[in-house]
Structure formats: C-alpha cells, structure tokens
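# Structural characterization, general
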Amino acid sequence: MNALELSEVSKKYSSFQLGPVSLSLPRGCIMGLIGENGAGKSTLIKLILNMIQKDGGTVSVLGQNHKTVSVKEDLGVVLDEVGYPDCITPQQLNLILKNVYQNWDEEIYFSLLNQLSLPPRREFKQFSRGMKMKLGIAAALSHHPKLLILDEATNGLDPVVRDEVTELFSEFTREESHAVLISSHIVSDLEKLCDYIAFLHQGKLLLCEEKDRLLEQYVSVYGTAEQISVLPAGAVIGRKEMPYGVQAVVKKDLLPAGTETSRIGIEDLFLFMAKEERLLNQSM
C-alpha cells in the first residue's frame, strides 16, 4: 500500500491553476517536492491535508480518504510557518499536545528538544525562525506518525542543523510503514535525502520519478550548436548557450553509442526542464 496517492487532483484560482496532478509515494520512502516560488507546492500540500477544497481528483492518505478524521493521528505536519502562540513554551506545548494526540510520547519529545538544543522554558516569541522550525519538527515526530508532510521544514536552519534534521527524516523511514513528503528550496538537501523527486512548475507536474532512475536517465552533453542540433529527435529536453558552446540535457538511452556525457544534478535537471517548459508555453 502506498502512503500517499493523488489522482488527477486540481485546484483553480483566478490567476493560477494547479494540476491535474497524479503521483504516488510508496511506504518506506521519502519524496522531495521541487518547484520555484508560486509553482504550487504549498497549495498541493494544503490539498493533501484538506486545508483547502480541491476542485477535482482524489487523495488517499495511508489507504484512507484524506478527509477521514482518524488519518490526522498518523500525520506529522510542519508547514512553512510554525504557528504556535507567542507566549507558549516547549514545556507547555507538551501539556497541550499530550491531550491532542492519543499516541503522544513526551519521552521522545523532550529527547528531541535536547537533541535540537531547544530551551524548554523559553517563550516561542523569543525563538529564531530556525528554532521555531525545529520545535515544529520535534512536535511532528513525537506522536508516532506514519507519514510526515513537511513544507520548507529545513528553511531557516544552518547547514549543521539541516544535516542533523535530515538524518532524523532518514531514520524515520527506516521503519517500512513510514514515509515522508518534503518540499524545499534547498535542492541539495533533497538530492541527498530523497528516494523520489517530483517537479512542479507553474502548477504542472513535469515529472515524478525515482531519484536514482532520473540520474541514470538524464545526462549532460557539451558541444557546438551544430553538434547538439544533430542529436536524435526527442533526445534533447533542454539546452543552454554558453560562451564556448552549448550544454544540453538529454535522455541517455536515445544517444548514439559512444557519445561523451556528464552527470547532471537534480537542481540543474529541474532548471533545464522548467526553462524548456516556459519556452514551449511562450511559443503556443
């Protein structure tokens, strides 16, 4: 059973449309949601959480309709703004959340506070943005959730703490029944962390694929404009003019044998695909 299944999910506003989006997140895996500001990442996450009403499609969370009340117990959620009251302390938050979640585990919670260097008696309003995110992550992990949904949860964290937090997420999915959906502008974190990558651009899902398969399927080719122009039709998915030639992102299996290639990272792959999609839309 998949932890998350979306089929033809859509949401339309006056100046923006998301979808239709279809994707699946297997249990035991981490999916990274990549996209520029305004691509629809937060909208998609809010649709999954039933915070806004979708216009079409279906959402299944842990095998149940996402509107089912019992699903909430199994979700750990951190949004881009952690919205606890300014006057509350982490110690007081424990007293509140132990009455909200049936499976709240204060031993795990206080262990995470210590691990993440969060003072239990300091008021929330005195926390930096990074500390607020860490508190949200600690709370999300402390009621034995099965699915973590994280919207820019590493934003505001310094590199050392980001590394520590992403390790927590990796440990979480060592349990085969667990899964993580995480959006982030820090693509390097997602490339190290994720098993699956989903690209959103201007409300469209450009692709959703296993990360290792993506890195095997797409490569860079450098050459002159003429050399790139004679590559097989359909092989080139994006290109960039440079002072000394052209860099093209291509589908490896469509290249002639012996073509010299270079590895491409997830961030560059997204940038090339987004640029090509933008050019395609402009030409229509």
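The paragraphs below set out a description of the structure included in this document. Note that the structure is predicted; figures quoted are calculated from it, not measured.

### Brief notes about the overall build of the chain
The number of helices and strands found in the chain is 9 helices and 14 strands. The principal-axis extents of the C-alpha atoms in the chain amount to approximately 65 × 40 × 35 Å. When each of the 284 residues of the chain is scored for burial, the buried share is 48%. In the chain, 29 positive and 37 negative side-chain charges are present, and the distance between their average locations comes to 5 Å.

### Overview of the pattern of salt bridges
Summed over all chains, the structure comprises 8 salt bridges. One salt bridge in this structure joins Lys125 and Glu123, with 3.5 Å as the shortest N-O distance. For Lys125, a relative accessible area of 52% puts it in the exposed group. Here Glu123 falls in the partly exposed class, since its relative accessible area comes to 28%. Of the charged contacts in the structure, one is a salt bridge between Arg263 and Glu191, with a shortest N-O distance of 3.0 Å. Of this pair, Arg263 sits in strand β14 (residues 262-263) while Glu191 sits in helix α6 (residues 187-193), and the two are 72 residues apart along the sequence.

### Digging into the packing of helix α3 (residues 106-115) against helix α4 (residues 129-140)
In contact at an axis separation of 9 Å, α3 and α4 are set at 155° when each is read in the N-to-C sense. Between α3 and α4, the interaxial angle falls into the category roughly antiparallel. When the axes of α3 and α4 are compared, the crossing they make is right-handed. Counting all contacts with α3, which are made through Tyr109, Leu112 and Leu113, the residues of α4 involved are Leu135, Ala138 and Ala139. Grouping the constituent residues of the contact of α3 with α4 by class yields 6 nonpolar, no polar and no charged.

### A short note on the nonpolar core
Among the nonpolar cores identified, the biggest contains 53 residues, and Ile182, Phe199 and Leu269 are the most heavily contacted of them. Considering every element that reaches this core, the biggest residue donor is α4, with 7 residues. Discounting chain neighbours no more than four positions away, the residues touching Leu269 are Phe199, Leu214, Tyr218, Ile237, Val249 and Ile264. One finds Ala3, Leu47, Val59 and Ile149 within the second-largest nonpolar core, a separate group that totals 29 residues.

### Here's the deal with α4
Between its first and last C-alpha atoms α4 spans 17 Å; for 12 residues at 1.5 Å apiece the expected length is 16 Å, and the two agree. α4 sits mainly inside the fold: 10 of its 12 residues count as buried. For α4, the full list of buried residues reads Gly130, Met131, Met133, Lys134, Leu135, Gly136, Ile137, Ala138, Ala139 and Ala140.

### Things to note about unusual backbone geometry
Cis geometry is adopted by the peptide bond preceding Pro20, which originates at Gly19 and carries an omega value of 10°. Within the element layout of this structure, Pro20 appears in strand β2 (residues 17-26). Positive phi outside glycine occurs at Leu62, with the angle close to 55°. Mapped onto the fold, Leu62 is located in the loop between β4 (56-61) and β5 (64-65).

### So, the side chain of Lys41
Looking at where Lys41 falls in the secondary structure, it is placed in helix α1 (residues 41-48). At 3.3 Å, the side chain of Lys41 forms a polar contact with the backbone oxygen of Glu36. For Lys41, the contacting residues outside a window of four places in its chain are Leu33, Ile34, Gly35, Glu36, Glu152, Ser183, His185 and Leu200.

### Focus: the environment of Gly35
Position of Gly35 relative to the elements: it lies in the loop between β3 (30-34) and α1. For Gly35, a relative accessible area of 5% gives the class buried. Counting along the chain gives 239 residues from Gly35 to Ala274, while the straight-line C-alpha distance between them is 8.9 Å. Ignoring anything within four residues of it in the chain, the contact list for Gly35 reads Lys41, His185, Leu200 and Phe270.

### Brief notes about the sheet that holds strand β7 (residues 147-151)
The sheet built from 6 strands is open, its strands ordered β6-β7-β8-β3-β9-β10 with mixed pairing. What marks the edges here is a single partner per strand, and that holds for β6 (75-78) and β10 (204-210). The mean angle between the axes of side-by-side strands here comes to 10°, regardless of whether they run parallel or antiparallel. Strands β6 and β7 of the sheet are contacted by α4, whose axis makes an angle of about 175° with β6.

Calculation notes
- Residues numbered from 1 in each chain as written.
- Predicted model: local features only at pLDDT ≥ 70, side-chain atom pairs only at ≥ 80, totals over all residues.
- Heavy atoms only, no water.
- Helix = DSSP H or I, 4+ residues; strand = E, 2+ residues; numbered from the N terminus.
- Buried < 20%, exposed > 50% of the residue type's maximum accessible area, 1.4 Å probe, protein only.
- Lys, Arg positive; Asp, Glu negative; His and termini not counted.
- Charge placed at Lys NZ, Arg CZ, Asp CG, Glu CD.
- Salt bridge = Lys/Arg side-chain N within 4 Å of Asp/Glu carboxyl O.
- Axes fitted to C-alpha atoms, helices over the stretch in contact; angles between N-to-C directions.
- Parallel < 35°, antiparallel > 145°, perpendicular 65-115°, else oblique.
- Left-handed = near helix turned anticlockwise from the far one by under 90°.
- Contact = heavy atoms within 4.5 Å.
- Nonpolar A, V, L, I, M, F, W, Y, C, P; charged D, E, K, R; others polar.
- Core = buried A, V, L, I, M, F, W, Y, C linked by side-chain atoms within 4.5 Å.
- Expected span 1.5 Å × (residues − 1).
- Polar contact = N/O pair within 3.5 Å; in protein donor to acceptor, adjacent residues only side chain to side chain.
- Pairing = 2+ DSSP bridges.

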